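These are the residues of each chain, in order.
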Amino acid sequence: QVQLVESGGGLVQAGGSLRLSCAASGRTFSSYGMGWFRQAPGKEREFVAGISWSGGSTYYVDSVKGRFTISRDNAKNTVYLQMNSLKPEDTAVYYCAARLWGTVVRGEGEYNYWGQGTQVTVSS
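What counts and how
- Numbering of residues begins from 1 in every chain and follows the order in which that chain's sequence is written.
- Totals for whole chains, interfaces and linings use every residue, but because this is a predicted model, local features are given only for residues with pLDDT of at least 70 and side-chain atom pairs only at 80 or more, for both listing and counting.
- Derived side-chain values reflect all non-hydrogen atoms in the structure, with water molecules and hydrogen atoms excluded from consideration.
- By definition here, a salt bridge exists when the distance from a side-chain nitrogen of Lys or Arg to a carboxyl oxygen of Asp or Glu is within 4 Å.
- Put simply, DSSP marks the helices as runs of H or I at least four residues long and the strands as runs of E at least two long, and each gets a number from the N terminus on.
- Per-residue accessibility, obtained with a 1.4 Å probe over protein chains only, is compared with the maximum for each type, and a residue is labelled buried under 20%, exposed over 50%, and partly exposed between these values.
- Every residue pair with non-hydrogen atoms within 4.5 Å of one another is taken to be in contact.
- Only when DSSP finds a minimum of two bridges between them are two strands counted as paired.
- Only C-alpha atoms enter the line fits that serve as axes; for helices the fit covers just the stretch in contact. Angles between N-to-C directions range over 0 to 180 degrees.

## Section: the pattern of salt bridges
Counting across every chain of the model gives six salt bridges. For R45, the salt bridge is made with E108, and the minimal N-O distance between the two is 2.8 Å. With a gap of 63 residues between them, R45 in the loop between β4 (33-39) and β5 (46-51) and E108 in the loop between β9 (92-99) and β10 (113-114) connect regions that are remote in the sequence. Look at E108 and you get partly exposed, because its relative accessible area is 33%. The closest approach of N and O atoms between K65 and D62, which form a salt bridge, is 3.0 Å. Note on K65: relative accessible area 48%, which makes it partly exposed. Connected through shared salt-bridge partners, R38, E46, R67 and D90 make up one network.

## Regarding the environment of V122
Here V122 shows up in strand β11 (residues 118-123). Distance in space between the C-alpha atoms of V122 and R72 is 24 Å, their sequence separation being 50 residues. Contact partners of V122, with chain neighbours within four places excluded, come to V12, Q13, A14, L86, K87, P88, D90 and T91.

## As for the pairing of β5
Burial analysis of β5 places five of its six residues in the buried class, which makes it a mostly covered element. Adjacent in sequence and paired antiparallel, β4 and β5 are bridged by six residues, among which G42 carries a positive phi angle near 75°. Looking at chain direction, β5 and strand β6 (residues 58-60) are connected through three bridges and run antiparallel. When the sheet's bridge partners are listed, G50 is paired in β6 with Y59. The turn linking β5 back onto β6 is made up of six residues, and G55 within it adopts a positive phi angle of 85°.

## Topic: the sheet that holds strand β7 (residues 68-73)
In space, the four strands of this open sheet follow the order β1-β3-β8-β7, with antiparallel pairing throughout. For this open sheet the edge positions go to β1 (4-7) and β7, each flanked by a neighbour on one side alone. Going from strand to strand, the sheet's axes swing by 15° on average, the running direction of each strand aside. Sheet topology note: the β1/strand β3 (residues 18-24) ladder contains four bridges and is antiparallel. Each residue of the ladder has a partner; that of L4, found in β3, is A24.

Here is the structure:
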């Protein structure tokens, strides 16, 4: 069983930055593909960014390209989401997810484990 714990959410003004962290349990973290998803009030959960097991491949939804950066530190069993130039429309609960296969995918159903989520609120 893999446990994922997100942190780093909060309230920030538009144009500001936040860095989300997701700490994973388990000795095989370095083999997992990892992703960040978000769910805004009244909307479906959507893929934000993903990273392969090695960090060599990343993928972003168009709305965050150039503003968000996903990275990972396999020695620390942690994946990060650096969010810059935040906009009010980025307001959502952000979830970390892990998949047993190490490739980058955007489908929610492709992920096996989920964190509890962390709230990000961007004020205008």
